[in-house]
Amino acid sequence: MSPLASGPQGPTTLRPLLTTVLDALTAGAATRDGPLPAGGPTEVAARLREALGDPLPDHGDEDALRTLVQALAAGAADPADPLCTAHLHCPPLAVATAADLAASVLNPSLDSWDQAPAASELEALVTRALAAEVYGETDQARSAGDALVTTGGTESNQLALLLAREHHGHTQLVCAENAHHSLRRATWLLGLPEPVTVPAPAGTMDPAALGEALTALQGPRGSLLVAATAGTTDAGLIDPLPDIAALCEAHGARLHIDAAYGGGLLFSARHRSKLDGLARAHTVTLDLHKLGWQPIAAGLLAVRDRHDLAPLGHHADYLNADDDTEAGLPDLLGRSLRTTRRPDILKIAVTLKTLGRTGLGALVDRVCERAAEFAELIDRHPRFELHDRPTISTVLFRPTDATDDTVAAVRRTLLTEGRAVLGRARLDDRLWLKATLLNPHTGADDLAALLKLVEGHTPR
Ligand SMILES: Cc1ncc(COP(=O)(O)O)c(C=O)c1O
């Protein structure tokens, strides 16, 4: 019979399997010559199909762990490679990943105390600490903040809209054209009207246009929800949060800030002030699998007033019977829309405690510094055009005088060859290459190499 990961024999059983996994990761990565496998989708799929064979054979194959881990590593886009910079897809910290293994072994489920006695307390403590990081220590007159653990920015944004709808009934979302697509999708999911879109002429929400929209839409007090962004997906820009917060307060609108990317700046003494105004939001999306170096998933939704979470309260007798709750068993079901839920808080807690604010801040400072250097390099280069100096760690650039088709083709060629992973973003009606720098170990030489590679692939 297959041995188990937990229980008294668990660690002994796991130890040799971990050696197998680590060896297979090393062997798989060694077959790649860059951040992702060469050959494009057809060749990569063929190699994977070959490694997998029959996905559900009649009789098992003891070598499956090695074979499949090695195949996945061989075919991975490795965010720890300095030339893998397309997305808000961070290289996870080793210590967080080790903690995630413990989470899998212990397998607590956060939907009832009797499945997660210590994990539920850890989640309560760490989420409150993170809410305090966003909102500061709350005054006596107000209920303190809290935060829910989510699967990422998409779920956090959805929950923010759901809480607004439950608070106000009919809710009209107002967001800028730079807002993340998950907000629009959430309005669809929740049966809310289409969002009203405010222009973002310089890549950030135009406060004058927001003021006009709020005046024009003025309905029953509080039925408007403004969603601002701290760290746009395309350019890493931060909306003018204090101006937006003041407008929301003047018009009685609720404010949500999607800080899925920029939220990590909270840990940096040098960059934290870029988030001034964040604490004036009713809800804030954070996402530590972006600028927080966590393995996926590590999303959070912070709320300024924990009473705001009341609409999520839910009863299922087998999980939170009234008499159990009255007898002191914590009621966890209202902390998510999910039922069974992984203890993603463990890796987050281990990271926060291992690195401290200073350690995390240093990582943030480092990637921001690298992005500034990369922008400088591009700006000085005669064959490249820089979109703008980075606000966080995203740099947009394009070969001088190239057409959009050329920009798109250069990116795809680098992907197909497996040489570099760059993103793409359309701004000012032109297509740009996007480097989202999230790897604190990337050096100046790596960035010079990336630029040289792009130059080499751009037709003269
Ligand atoms: C600003 C912003 N919000 C939300 C999200 C969605 O986050 P996730 O992919 O973790 O659901 C992203 C993803 O890149 C994002 O950039």
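Residues numbered from 1 in each chain as written. Predicted model: local features only at pLDDT ≥ 70, side-chain atom pairs only at ≥ 80, totals over all residues. Heavy atoms only, no water.

> Sorry, what's going on with the overall build of the chain here?
Scanning the chain from N- to C-terminus turns up 14 helices and 11 strands. Structurally, the chain occupies a C-alpha span of about 65 × 60 × 40 Å along its principal axes. Long-range pairs, those at least 24 residues apart, make up 71% of the contacts in the chain with a sequence separation of at least 6. For the chain, the computed accessible surface area is about 21600 Å², with 55% contributed by carbon and sulfur atoms. Averaged over its 41 positive side-chain charges, the chain has a centre that lies 5 Å from the centre of its 58 negative ones. (Helix = DSSP H or I, 4+ residues; strand = E, 2+ residues; numbered from the N terminus. Contact = heavy atoms within 4.5 Å. Areas by Shrake-Rupley, 256 points an atom, 1.4 Å probe, with all protein chains shown as cover. Lys, Arg positive; Asp, Glu negative; His and termini not counted. Charge placed at Lys NZ, Arg CZ, Asp CG, Glu CD.)

> Explain the sheet that holds strand 7 (residues 299–303) to me, please; I cannot follow it from the model alone.
Backbone hydrogen bonds are what pair the strands of a sheet, in a parallel or an antiparallel way. One open sheet accounts for 7 strands, arranged 1-7-6-5-4-2-3; its pairing is mixed. Each edge of the sheet is formed by a strand with only one pairing partner; in this case those strands are strand 1 (146–150) and strand 3 (196–198). On average, adjacent strands in this sheet sit at an angle of 20° to one another, irrespective of strand direction. (Pairing = 2+ DSSP bridges. Axes fitted to C-alpha atoms, helices over the stretch in contact; angles between N-to-C directions.)

> I tried to follow helix 8 (residues 207–217) on my own but got confused; where do I start?
The α-helix winds at 3.6 residues per turn, so residues separated by three or four positions along the chain end up facing the same way. Those residues of helix 8 not exposed but buried are A209, L210, G211, A213 and L214. Summarising the contacts, the buried residues of helix 8 are in contact with strand 2 (172–176), strand 3, strand 4 (224–229) and helix 9 (241–251). N-capping of helix 8 is provided by D206, with a side-chain oxygen placed 3.1 Å from the backbone N of A208. (Buried < 20%, exposed > 50% of the residue type's maximum accessible area, 1.4 Å probe, protein only. Polar contact = N/O pair within 3.5 Å; in protein donor to acceptor, adjacent residues only side chain to side chain.)

> Please explain the pattern of salt bridges as it appears in this structure.
Any two side chains of opposite charge can pair, on the condition that their charged atoms come close. With the rule as written, the count across this model stands at 28 salt bridges. R341 is the partner of E123 in a salt bridge, and the nearest nitrogen-oxygen pair spans 2.9 Å. You can see E123 sitting in helix 5 (residues 117–135) and its partner R341 sitting in the loop between helix 11 (322–326) and helix 12 (345–380), a full 218 residues away along the chain. On the basis of relative accessibility, which here comes to 3%, the residue R341 falls in the buried class. Between R370 and E373 there is a salt bridge, and its shortest N-O distance comes to 2.7 Å. With R370 and E373 both in helix 12 and 3 residues apart, the pair spans about one turn of that helix. By relative accessible area, E373 is classed as partly exposed at 32%. Each of D100, R342, D344 and K347 takes part in one network of salt bridges that share partners. (Salt bridge = Lys/Arg side-chain N within 4 Å of Asp/Glu carboxyl O.)

> Looking at this structure, how should I read the layout of surface pockets?
To find the voids left in a structure, one rolls a probe of water-molecule size over its atoms. In this model, the largest pocket occupies a volume close to 1300 Å³. Lining the largest pocket are 50 residues, and of these P79, P92, T97, P295 and I296 lie nearest its centre. Elements supplying a minimum of two residues to the lining of the largest pocket: helix 1 (10–30), helix 3 (64–74), helix 4 (94–106) and helix 6 (153–168). Partitioning the lining of the largest pocket into residue classes produces 26 nonpolar, 16 polar and 8 charged. Two domains share the lining of the largest pocket, each providing at least three of its residues, namely domain 1 (17–55 + 63–75) and domain 2 (108–355). (1 Å grid on protein atoms, 1.4 Å probe; cavity = no way out; pocket = protein on both sides within 12 Å on 5 of 7 lines; lining within 4 Å. Points joined across faces, edges and corners; volume = space filled by probe spheres on them. Nonpolar A, V, L, I, M, F, W, Y, C, P; charged D, E, K, R; others polar. Domains from an automatic or database assignment.)

> Where do I start with the site of the ligand in this structure?
Around the ligand, the surrounding shell holds 13 residues, and the nearest of these are T154, T233, D258, D287 and H289. Taking D258, its side chain carries an N or O atom lying 2.6 Å from a nitrogen atom of the ligand. Here an oxygen atom of the ligand and a side-chain polar atom of K290 are 3.0 Å apart. Here the ligand, which alone exposes 390 Å², has 84% of that area covered by the protein. A molecule is said to occupy a pocket when more than half its atoms come within 2 Å of that pocket's grid points, and by this definition the ligand occupies the largest pocket. Looking at which element gives the most residues to the shell around the ligand, the answer is helix 6, with 3 residues. Of the residues assigned to the shell around the ligand, the class counts are 2 nonpolar, 8 polar and 3 charged. (Near = heavy atom within 4 Å. Sits in = over half its atoms within 2 Å of the grid points.)

> Looking at this structure, how should I read the domain arrangement of the chain?
Often, the extent of an interface is quoted as the loss of accessible area upon association of its parts. Taken domain by domain, the chain holds domain 1 (17–55 + 63–75), domain 2 (108–355) and domain 3 (356–456). Placing a centre on the C-alpha atoms of domain 1 and another on those of domain 3 gives a separation of 28 Å. Facing 7 residues of domain 1, the contacting portion of domain 3 comprises 7 residues. Here domain 1 packs against domain 3, burying approximately 440 Å² in sum over the two surfaces, 64% of which is carbon and sulfur. Three residues, P35, L36 and A38, lead the burial of domain 1 against domain 3; their summed loss comes to 70% of the area buried on that side. Our enumeration of links across domain 1 and domain 3 arrives at 0 salt bridges. Joining domain 1 to domain 3, the criterion identifies 1 residue pair in polar contact (both at pLDDT 80 or more). Across the side of domain 1 that touches domain 3, the residue classes tally to 4 nonpolar, 3 polar and no charged. (Buried area = accessible area lost by both parts, 1.4 Å probe.)

> What exactly am I supposed to notice about empty space enclosed by the protein here?
Following the criterion strictly, the structure yields 2 cavities of 30 Å³ or more and no others. Each pocket or cavity is described by its volume, and for the largest cavity that value is around 70 Å³. As for the largest cavity, its lining consists of L130, E133, A259, A260, Y261, G263, G264, L266, F267, L286, D287 and L288. Elements with a minimum of two residues in the lining of the largest cavity: helix 5 and strand 6 (283–287). Counted by class, the lining of the largest cavity contains 8 nonpolar, 2 polar and 2 charged residues. Here the second largest cavity defines a volume of roughly 40 Å³.

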